[in-house]
Amino acid sequence: MNLIILNGYVPPELTTYDINYSDVNGEESGLEDGTTFLEQIRSDVPEIKVGWTNLTQEEVVQSTDIMSNDTINVQFFYGTMKTATMRKGNRSLKLKSLVSESETYWDLSFTLKG
């Protein structure tokens, strides 16, 4: 099963997959006389954190090329497949093993924000 699809690209099998939903509140939100007032701009905004270990150089290039876009059309699993247009957040690439110039293994993780 594909947990995530990025602009039509199915990445290698994920090592980590974490989804958080939050609400976006406006400037008029606050507390007054013990009562909370919310100016909700958007509700149920997803943030997806994904990660892989031991990716080859080719797999890293394919996955990071997708992340070069300003926005990414994402299909993701949250009980059922859902779709969202997301932007890229933090990205991390760590060299795991350098066997030779032509054989490297990497850990890659990034965050997608709705």
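Quick notes on the rules
- Residues numbered from 1 in each chain as written.
- Predicted model: local features only at pLDDT ≥ 70, side-chain atom pairs only at ≥ 80, totals over all residues.
- Heavy atoms only, no water.
- Core = buried A, V, L, I, M, F, W, Y, C linked by side-chain atoms within 4.5 Å.
- Buried < 20%, exposed > 50% of the residue type's maximum accessible area, 1.4 Å probe, protein only.
- Helix = DSSP H or I, 4+ residues; strand = E, 2+ residues; numbered from the N terminus.
- pLDDT = per-residue confidence, 0-100.
- Salt bridge = Lys/Arg side-chain N within 4 Å of Asp/Glu carboxyl O.
- Arc of directions from axis to C-beta.
- Contact = heavy atoms within 4.5 Å.

Novice: Give me the nonpolar core: which residues, what numbers.
Specialist: Ile4, Leu6, Ile48, Val74, Phe110 and Leu112 are the most contacted members of the largest nonpolar core, which totals 21 residues. Within the residue set of this core, elements represented by two or more residues are β1 (4–6), β5 (40–56), α1 (57–66), β6 (71–78), β7 (80–100) and β8 (103–113).

Novice: Can you break down the confidence of the model for the protein residue by residue, with the values?
Specialist: For the protein, per-residue confidence averages 94 on the pLDDT scale, and residues scoring 70 or more make up 100% of the total. The least confident element of the protein, judged by mean pLDDT, is strand β3 (residues 30–32) at 84; the most confident is β1 at 98.

Novice: Outline the pattern of salt bridges, supporting the account with residue identities and numerical values.
Specialist: Opposite charge on two side chains permits them to pair, given that their charged atoms come into close proximity. This model, assessed by the stated rule, comprises one salt bridge. Note that Asp107 is salt-bridged to Lys96, the shortest N-O span being 3.7 Å. Of the two residues, Asp107 sits in strand β8 while Lys96 sits in strand β7, which places them 11 residues apart along the sequence.

Novice: Kindly report on α1, identifying the contributing residues and their values.
Specialist: Every buried residue of α1 is accounted for by Val60, Ser63 and Ile66. Down the axis of α1, the buried set is contained in an arc of 130 degrees. They therefore lie on one face. Against β1, β5, β6, β7 and β8 lie the buried residues of α1.

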